[in-house]
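Inside the fold
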Amino acid sequence: MKIGIVCYPTFGGSGVVATELGKGLAEKGHKVHFITYRQPARFDRFHENLFYHEVSSLDYPLFEYPPYETALASKLVDVIKYENLDILHVHYAIPHAAVAYMAKKILLEEGIYIPVITTLHGTDITLVGKDASYAPVVAFSINKSDGITAVSGSLKKDTQKHFKIRKEVRVIPNFIDFNRFSKSNKDHFKKAIAPNNEKILVHVSNFRKVKRVEDVVHIFNAVRKKIPSKLLLIGDGPERRNVEQLCRDLGTCEDIRFLGKQDAVEELLAVADLFLIPSGSESFGLAALEAMACEVPIISSNVGGLPEVNIHGVTGFLSDVGNVKEMAEHAINLLSDETKHNEFRANALKHAQRYDIKHILPEYENFYKEILAAEKKRKEVAT
Ligand code: GMT
C-alpha cells in the first residue's frame, strides 16, 4: 500500500506512535509518506520505503497566524495526487481530521477518492477537542473520516461521551518495539546516577500541567525520607520552572536530576526501579508501556487508559489523581520488598508483551484493508 501519514513531528506521544507505525509499515514493504511541518523526531534513519514531505506556509505581513491548515491541505492534495496514495492516516484529530476532509473534497472534484483514517490519541478529545472553541469541527471531521481508531477503550468511551459519533470507533492500542525497549545492562550508568546503590525513580513526559509533575516530586520526597533514592526527570515543557522551584523549596534538588529531552530513553529505563505517572488525564500512557517493556513497575493515577496498561497489584499500583500520599506508600512498599519488586518487574514485562508491535501493526494493516475494501464495494455499487 501507499500510505500517507500526518502527525505532529514533536516528541509527543501521538507523533511517536505515528512515526513508529510508519517505520514498521515501511519495514513490511509499504511505501509510507510523512507529511508534516518538520521531520518527525523519531524519523531517524534512511529507509527506501520512507518519504518525507515538508509543509511550508508562505509568510505574508497580513497574517498574524500563518494559515497552516491551508498549507497542509494543499500539500496533501499534491502528495496524494502525485504519489498516488491509497490511504491517508492522520494522527491527532486537531486540526488534521478537518484538513484531511478538506483535501479529500478538493481531490473529489478531480475524480480522486482518498479514504481517510483518523486516530484519536487523547487530549484531542479529552482536553482540547471537547472545548467549545474546537468541538463542532472536531465532531464533524471525525464523523467524516472513513475510519476512526482510538488508542484505548477508555478513549473510545470518552469520544462517544463527548461527541455524537455515528461510526464505529476501533480500539487499536499503543505498541512497543522490543528491539528497542528491553532491559539491558547499564551498570555504569547506575553507578554514576546512584553511587551508593540508591533506588532510581523515573518520570518521562512533556511537562505539561496534565502530567502533574509536581506530584512526582511530592511522591519522591516522601519516598526518599524512607528509602535512599534518586529521581530522574526526563523531558521538558511549560511546567519545568515550577517543578524546579518545588525541588528547591523542598530541598530535594541534590537527589533529582533534570535530564531534558532524551533520545535514548530506554538506556535510562534500564537502570530504573520504579516509573511514576500520576497524570490528571492519560488516554493510554505510552511512557508507562515503554517503562514496563524495560521491566519497570508503575506507580500511576487511575485515569483514562492507565488501568488498561498498569494492572493494580500486578504490574504496579493505581491511585486517585492527586493522592500522592497513597502513591508514595505504594512506592515505599514495593521498593522495600525485593521479592515482590522482582515479581512486579516480571509481570510488567509480561503485560507489555501484549502490546508488541508485532501484534498491533497488523491491526492497523487490517483496518486499512477493511476501509479500502468498503470503498471498492461502494464504487462497485455506484457503477
Ligand atoms: O501527552 C502527551 O505526551 C502527548 C499526547 C499526544 O497526543 O501527543 O499523548 C497522547 O497520546 C499518546 C499516544 O497515543 C498516549 O499514550 C498518551 O496517553 C496521550 N496523552 C494524554 O492523553 C494526556
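Residues numbered from 1 in each chain as written. Predicted model: local features only at pLDDT ≥ 70, side-chain atom pairs only at ≥ 80, totals over all residues. Heavy atoms only, no water.

Glancing now at a nonpolar patch on the surface. There is a patch of nonpolar side chains on the surface, built from Y60, L62 and F63 and spanning about 330 Å² of accessible area. Tracing the backbone shows L62 in the loop between strand 3 (50–54) and helix 2 (68–82). The class of L62 is exposed, set by a relative accessible area of 68%. (Patch = residues over 30% accessible without salt bridge, like charges linked within 9 Å, V, L, I, M, F, W, Y side chains within 5 Å. Areas by Shrake-Rupley, 256 points an atom, 1.4 Å probe, with all protein chains shown as cover. Salt bridge = Lys/Arg side-chain N within 4 Å of Asp/Glu carboxyl O. Helix = DSSP H or I, 4+ residues; strand = E, 2+ residues; numbered from the N terminus. Buried < 20%, exposed > 50% of the residue type's maximum accessible area, 1.4 Å probe, protein only.)

If you check the shell around the ligand, you find 19 residues, and the closest are H121, N174, R208, E282 and S283. In the model, an oxygen atom of the ligand is placed 2.8 Å from a nitrogen or oxygen of the S283 main chain. Residue F284 places a main-chain N or O atom 3.1 Å away from an oxygen atom belonging to the ligand. For the ligand, whose accessible area on its own is 490 Å², the fraction buried by protein is 93%. Top contributing element to the shell around the ligand by residue count: helix 1 (residues 13–27), with 3 residues. (Near = heavy atom within 4 Å. Polar contact = N/O pair within 3.5 Å; in protein donor to acceptor, adjacent residues only side chain to side chain.)

With that out of the way, let us pick up the environment of V303. Checked against the element boundaries, V303 lands in the loop between strand 12 (298–301) and helix 12 (306–309). For V303, a relative accessible area of 16% gives the class buried. In sequence terms V303 and D320 are 17 residues apart; their C-alpha atoms lie 7.6 Å from each other.

The next point concerns the domain arrangement of the protein. Under the domain assignment used here, the protein contains domain 1 (2–175 + 357–382) and domain 2 (187–355). Facing 22 residues of domain 1, the contacting portion of domain 2 comprises 18 residues. Together domain 1 and domain 2 conceal approximately 1300 Å² of surface at their shared face, both sides included; 57% is due to carbon and sulfur atoms. The interface formed by domain 1 and domain 2 holds 1 salt bridge in total. (Domains from an automatic or database assignment. Contact = heavy atoms within 4.5 Å. Buried area = accessible area lost by both parts, 1.4 Å probe.)

With 17 residues, helix 3 (residues 93–109) ought to run about 24 Å at 1.5 Å a step, and its terminal C-alpha atoms sit 24 Å apart, in line with that. Buried within helix 3 are the following residues: A93, I94, P95, H96, A97, V99, A100, Y101, A103, K104 and L107. Tucked inside the fold, the buried residues of helix 3 contact strand 1 (2–6), helix 2, strand 4 (87–91), strand 5 (116–120), helix 4 (123–126) and helix 5 (135–144). A positive backbone phi angle near 80° is found at G111, which sits one or two residues after helix 3. (Expected span 1.5 Å × (residues − 1).)

Now for a positive patch on the surface. On the surface, a cluster of positive charge is made up of K105, K144, R166 and K167. Relative to the assigned elements, K167 resides in the loop between helix 6 (153–162) and strand 7 (169–171). (Lys, Arg positive; Asp, Glu negative; His and termini not counted. Charge placed at Lys NZ, Arg CZ, Asp CG, Glu CD.)

Quick look at the packing of aromatic side chains now. Per the counting criterion, the structure on display carries 8 aromatic pairs. Taken together, a centroid distance of 6.3 Å and an interplanar angle of 65° make the contact between F43 and Y52 edge-to-face. Judged by relative accessible area, Y52 falls into the partly exposed class, the value being 22%. Judged by centre distance (5.5 Å) and plane angle (85°), the rings of F284 and Y355 are edge-to-face. With a gap of 71 residues between them, F284 in the loop between strand 11 (274–277) and helix 11 (286–293) and Y355 in the loop between helix 14 (338–352) and helix 15 (357–382) connect regions that are remote in the sequence. Among the aromatic residues, those joined into a cluster by ring pairs are F34, F43 and Y52. (Phe/Tyr/Trp six-rings, centres within 6.5 Å; stacked < 30°, edge-to-face > 60°.)

Before going further, it helps to examine the sheet that holds strand 8 (residues 199–204). Ordered by their spatial adjacency, 6 strands build an open sheet running 10-9-8-11-12-13, and the pairing between neighbours is parallel. Unpaired on one side and paired on the other, strand 10 (256–260) and strand 13 (316–319) mark the two borders of the sheet. Each strand of the sheet is rotated relative to its neighbour by a mean of 20°, with strand direction disregarded. Strand direction decides the pairing type here: strand 12 and strand 13, joined by 4 bridges, are parallel. Note that in strand 13 the partner of S301 across the bridge is S319. Lying over the sheet, helix 8 (residues 213–226) contacts strand 8, strand 9 (229–234), strand 10 and strand 11, oriented at roughly 170° with respect to strand 9. Contacts between helix 13 (residues 324–336) and the sheet are confined to strand 8, strand 11, strand 12 and strand 13, with strand 13 contributing the most and set at about 165° to the helix. (Pairing = 2+ DSSP bridges. Axes fitted to C-alpha atoms, helices over the stretch in contact; angles between N-to-C directions.)

Next up on the list: the nonpolar core. Among the nonpolar cores identified, the biggest contains 76 residues, and I142, V202, L269, F275 and L289 are the most heavily contacted of them. Three or more residues apiece are contributed to this core by two domains, here domain 1 (2–175 + 357–382) and domain 2 (187–355). Residue contacts for I142: discarding those within four places in its chain leaves A93, L120, I125, I148 and I165. Residues V213, I219, I227 and L334 belong to the second largest nonpolar core, which totals 26 residues. (Core = buried A, V, L, I, M, F, W, Y, C linked by side-chain atoms within 4.5 Å.)

Here we come to helix 8. An α-helix turns once every 3.6 residues. As a result, residues three or four positions apart point the same way. In a regular helix each residue adds 1.5 Å, so 14 residues correspond to 20 Å; helix 8 covers 21 Å between its end C-alpha atoms and thus fits that length. Residues V213, D215, V216, V217, I219, F220, N221 and V223 constitute the buried set of helix 8. Its buried side turned inward, helix 8 meets strand 8, strand 9, helix 9 (240–250), strand 10, strand 11 and helix 13.

Another aspect to go through is the state of the cysteines. Taken as a whole and assessed by the stated rule, the structure comprises 0 disulfides. Note on C247: no disulfide assigned, nearest cysteine sulfur contributed by C253 at a separation of 5.0 Å. According to the relative accessible area criterion, C247 is buried, its value standing at 0%. (Disulfide = S-S within 2.5 Å.)

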